[in-house]
Each structure stands twice: as C-alpha cells, then as structure tokens.
Amino acid sequence: MQVLALRGHYGQAVEVDLCAPCHLVWFDVIESARLNGPAILELIGHMAQAQSLAHQPLRQQAACPRCRSGLKTVHNRSRWGRSLQLECPKRHGAYQSFAEFLFEKGLVRPLSSADRAALIRRDGHIDCVNCGAPIAGGDAQCGHCRSVPSLLDVARLARALDPEGATEDHPVHATATHRGALQCGACGAALAPGQAMQCAQCGATLAVSRLADAHRQVAVLGPQLQAHAEKPAPHTVARRMAALSADLPRQREWILRMRADTAGRHGGDEDDDELLSWFTRRTNPLRAVFIALLLWWAWWMWS
Ligand SMILES: [Zn+2]
Ligand SMILES: [Zn+2]
Ligand SMILES: [Zn+2]
Ligand SMILES: [Zn+2]
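Owing to the predicted nature of the structure, the values given are computational and were not obtained by experimental measurement.

Criteria and thresholds
Residues numbered from 1 in each chain as written. Chains lettered and ligands numbered in written order. Predicted model: local features only at pLDDT ≥ 70, side-chain atom pairs only at ≥ 80, totals over all residues. Heavy atoms only, no water. Donors = N, O, S within 2.8 Å, 3.2 Å for Na, K, Ca; no water. Buried < 20%, exposed > 50% of the residue type's maximum accessible area, 1.4 Å probe, protein only. Tetrahedral: all angles 85-135°; square planar, octahedral: opposite > 155°, others 65-115°. Helix = DSSP H or I, 4+ residues; strand = E, 2+ residues; numbered from the N terminus. Core = buried A, V, L, I, M, F, W, Y, C linked by side-chain atoms within 4.5 Å. Contact = heavy atoms within 4.5 Å. Pairing = 2+ DSSP bridges. Patch = residues over 30% accessible without salt bridge, like charges linked within 9 Å, V, L, I, M, F, W, Y side chains within 5 Å. Areas by Shrake-Rupley, 256 points an atom, 1.4 Å probe, with all protein chains shown as cover. Salt bridge = Lys/Arg side-chain N within 4 Å of Asp/Glu carboxyl O. pLDDT = per-residue confidence, 0-100. Axes fitted to C-alpha atoms, helices over the stretch in contact; angles between N-to-C directions. Nonpolar A, V, L, I, M, F, W, Y, C, P; charged D, E, K, R; others polar. Arc of directions from axis to C-beta.

Enquirer: Account for the coordination of the zinc ion (ligand 1), with residues named and values stated.
Expert: The zinc ion (ligand 1) binds to the protein through Cys 19 (SG) and Cys 22 (SG); the donor distances cover 2.0 Å. Given a relative accessible area of 14%, Cys 19 falls into the buried group. For Cys 22, a relative accessible area of 10% corresponds to the buried category.

Enquirer: Tell me about the coordination of the zinc ion (ligand 2), and please be specific about residues and values.
Expert: Protein-derived ligands of the zinc ion (ligand 2) are Cys 64 (SG), Cys 67 (SG), Cys 88 (SG) and His 92 (ND1), with the metal-ligand distances lying across 2.0 to 2.3 Å. One way to put it: the four donor atoms around the zinc ion (ligand 2) meet at angles of 101 to 120°, and that makes the site tetrahedral. Donor residues for the zinc ion (ligand 2), ordered by position in the chain, follow C-x2-C-x20-C-x3-H. In this pair, Cys 64 is assigned in the loop between helix 2 (37-50) and strand 4 (72-78) and Cys 88 in the loop between strand 5 (81-87) and strand 6 (93-97), connecting sequence segments 24 residues apart. By the burial criterion, Cys 64 is buried, and Cys 88 matches it.

Enquirer: Before we move on, could you go through the nonpolar core and cite the residues and values that matter?
Expert: Counting residues in hydrophobic clusters, the biggest one holds 35 residues, and the most contacted among them are Leu 18, Leu 43, Leu 102 and Val 218. Of all the secondary-structure elements, those providing two or more residues to this core are strand 1 (2-7), strand 2 (13-19), strand 3 (24-28), helix 2, helix 3 (98-104), helix 5 (154-161) and helix 7 (211-219). A per-element tally of this core places helix 2 first, with eight residues. Apart from the residues lying within four places of it in its own chain, the contact partners of Val 218 are Leu 41, Val 154, Leu 157, Ala 158, Leu 161 and Val 172. In this structure, Ala 133, Ile 135, Cys 142 and Leu 151 belong to the second largest nonpolar core, which totals 11 residues.

Enquirer: Account for the sheet that holds strand 11 (residues 207-208), naming residues and giving values.
Expert: Spatial ordering of the open sheet is given by 7-10-11, a layout of three strands whose pairing is antiparallel. Every other strand in the sheet has two partners, leaving strand 7 (108-110) and strand 11 as the edge strands with one partner each. Sheet topology places strand 7 next to strand 10 (residues 150-153); three bridges connect them, and they run antiparallel. Across the sheet, Val 108 pairs through a bridge with Leu 152, a residue of strand 10.

Enquirer: Could you give me a rundown of the pairing of strand 1, with the residues and numbers involved?
Expert: Of the pairings in the sheet, the one linking strand 1 to strand 2 comprises six bridges and is antiparallel in character. Counterpart to Val 3 in the pairing with strand 2 is Asp 17.

Enquirer: Report on a nonpolar patch on the surface, specifying residues and quantitative values.
Expert: Among the surface-exposed residues, Val 289, Leu 293 and Trp 296 lie close enough to one another that they form a single nonpolar patch of about 330 Å² accessible area. Mapping Leu 293 onto the fold places it in helix 10 (residues 285-302).

Enquirer: Just give me the short version of the confidence of the model for the chain, but keep the residues and values in it.
Expert: Overall, the predicted model of the chain reaches an average pLDDT of 80, with 76% of residues at or above 70. Mean pLDDT across the secondary structure elements of the chain bottoms out at helix 6 (residues 177-181), with 46, and peaks at helix 2, with 95. Predicted confidence for residues 178-182 stays below pLDDT 50, and this span has 17 contacts to residues more than four positions away or in other chains.

Enquirer: Residue-level account of the pattern of salt bridges, with values.
Expert: In total, this model carries 10 salt bridges according to the counting rule given. Put simply, Arg 66 and Asp 17 hold a salt bridge, and the shortest N to O gap is 3.6 Å. Here Arg 66, found in the loop between helix 2 and strand 4, pairs with Asp 17, found in strand 2; they are 49 residues apart in sequence, far enough to count as distant. Assessed through its relative accessible area of 34%, Arg 66 is described here as partly exposed. On the accessibility criterion, Asp 17 (4% relative accessible area) is buried. Here the salt bridges do not stand alone but share partners, grouping Asp 17, Asp 28 and Arg 66 into one network.

Enquirer: Which residues make up the packing of helix 2 against helix 8 (residues 222-230), and what are the values?
Expert: At their nearest, the axes of helix 2 and helix 8 sit 8 Å apart, and the two run at 145° to each other. Within the contact between the two elements, helix 2 uses Gly 37, Pro 38 and Leu 41 and helix 8 uses Gly 222, Leu 225, Gln 226 and Ala 229. For the contact of helix 2 with helix 8, the residue count by class is four nonpolar, three polar and no charged.

Enquirer: Report on helix 7, specifying residues and quantitative values.
Expert: For helix 7, the full list of buried residues reads Leu 211, Ala 214 and Val 218. Angular distribution of buried residues about the axis of helix 7 spans 65°; they occupy a single face of the element. Among the structural elements, helix 2, helix 3, strand 10, helix 5, strand 11 and helix 8 are those in contact with the buried residues of helix 7.

Structure below.
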C-alpha cells in the first residue's frame, strides 16, 4: 500500500492510500471531492504507473486501513457498467477501482464499436482503463479486472484538473469543442460522428484508452496548475469577485422572500432580520468586518 500525501483545496492535507497491484484507491469519505487540480494530476500519474503491474484481485480479508474492520462490497450499476466499491461498515471510507474514480469524475465513456475500430486503427490495441491490460477487439470486459472497456476524454480531464480555467490558454483545452460541435477546436475542421478521437486535420488527440497517454497529454499543465493552487491566476480572481458581487442582490432577495414566508406563517411581522442587515445600507459592525475581510482577501489574491 502506497500512502500519497496530496493537497486539497485551500492547501488542506489529504491522504490517499493506493494499492498498485489491485488498482484500487482508498478515500476517506469526502477526500475524493476535496482534491485540487495538482493533486488529481499527481494521483492519476500514480495510477498510470500502477498499471505497469499485473492486476491482482483484492484479497477477501481486505480491511479498512483506519479501523481494520472487514469491508463490505457495494455494487453500483451505472450506464458505464458494473462498478465496485468496498466500504468500511463504520463509514471510514471506501476503496474505489481506478476506473470507478475516473467514471465518478466524468472522465471516461464506454467504447462504441466505432471507437473500437478507430482505436485499433490508430493505436493498434485497446488498453483497459482500470488495469492497463490489453483488451481484445470484441471483449465486453477486461479479462483481468473485469472493467468495461472505456475511453478517456482528454479535454474533460484537462477541465477536471482546472475547473476555474487558470490554464485555459493551453492548447489541450482547445480539444474541448471537439465533443459537442464535432469540429476540431484546434483547427476548425469538421469531424465525422463516431470518429471524434483524433482530428484528421491537425492530429489533436481527443480520446485514449491508456491512462498513461491521457496523463502525458495533461501533465504539461502541472507547473501552471501548481502556481494557480499557490496563488490564484489574476483572471480567475477577477471572475470569482464578479460572481460574488453578482450574487449579493440574489441573496438579499432570497432572505426577503424567506422573511415574508415566515411572517405570513406566523401572522405577524418579525423583528429586524439580523441576516438581512448584512445586505442593506444600515450600519452593521459584522458587515464591516465581513467587507474588510473581503477586501483583504482580494488584495492578497492580487498582490
Ligand atoms: Zn491490493
Ligand atoms: Zn473503518
Ligand atoms: Zn483491466
Ligand atoms: Zn484539428
């Protein structure tokens, strides 16, 4: 078992256990949601590396790394096929297969027959997204780990690493438009439906079946993502501030509506709402502190 010390949002330490031969990761309940871009990139790098090892099915007596309790198997059926999660009965967390983790982040899609043919044409082989083993052209599942053959979406991966668009100028993001418009984002060439894996005109890679290939495509974003995690890129700070100020009138309206509801229900008007005073012009010492903090935060982001 490999213990990965990763970073979550706001610099929080997040510990993830990775079992390389079983192709599983352990997440303490909400850890998966908390990982920041550089941490997801690092985790995917470790997963890609683990795929060089032959797959081993998890031992029956596998235990929770926190309390050593036996784990219960939870089968999830989704449109991606069968996926498996091993949960601690005391709710300390769960093991997820690599494929399940990628699916949950919306980074993989099942292979169509056109995809299979296109992959064989381009790469000469299909790899298991979960364990990295080769999958024969017609197989419904991986012969080693039983995962459903899937494709990794490179543009979505880039987006998952960078939801705020700190690296949006990088060409890897240009491939995002391939999906919907069936048009190459990099060069504008029209793409035939079902073949959106690579632009025939400019060669931009859109989908791969090997995790290491997907990782290589987005690894170039690493330094920029790291810099953004340490100090947000100025254009994303401007966007955050705009979103925040656009939201204030909406919040005020919501509070007014809630208050009207309450007053209606109790048949009398309530005293001045403490919360509402945050959004009105009247003096409120708490609001002054809030605004001061906001200004300090904005200054810190920009300086
Ligand atoms: Zn293991
Ligand atoms: Zn436990
Ligand atoms: Zn496999
Ligand atoms: Zn193109």
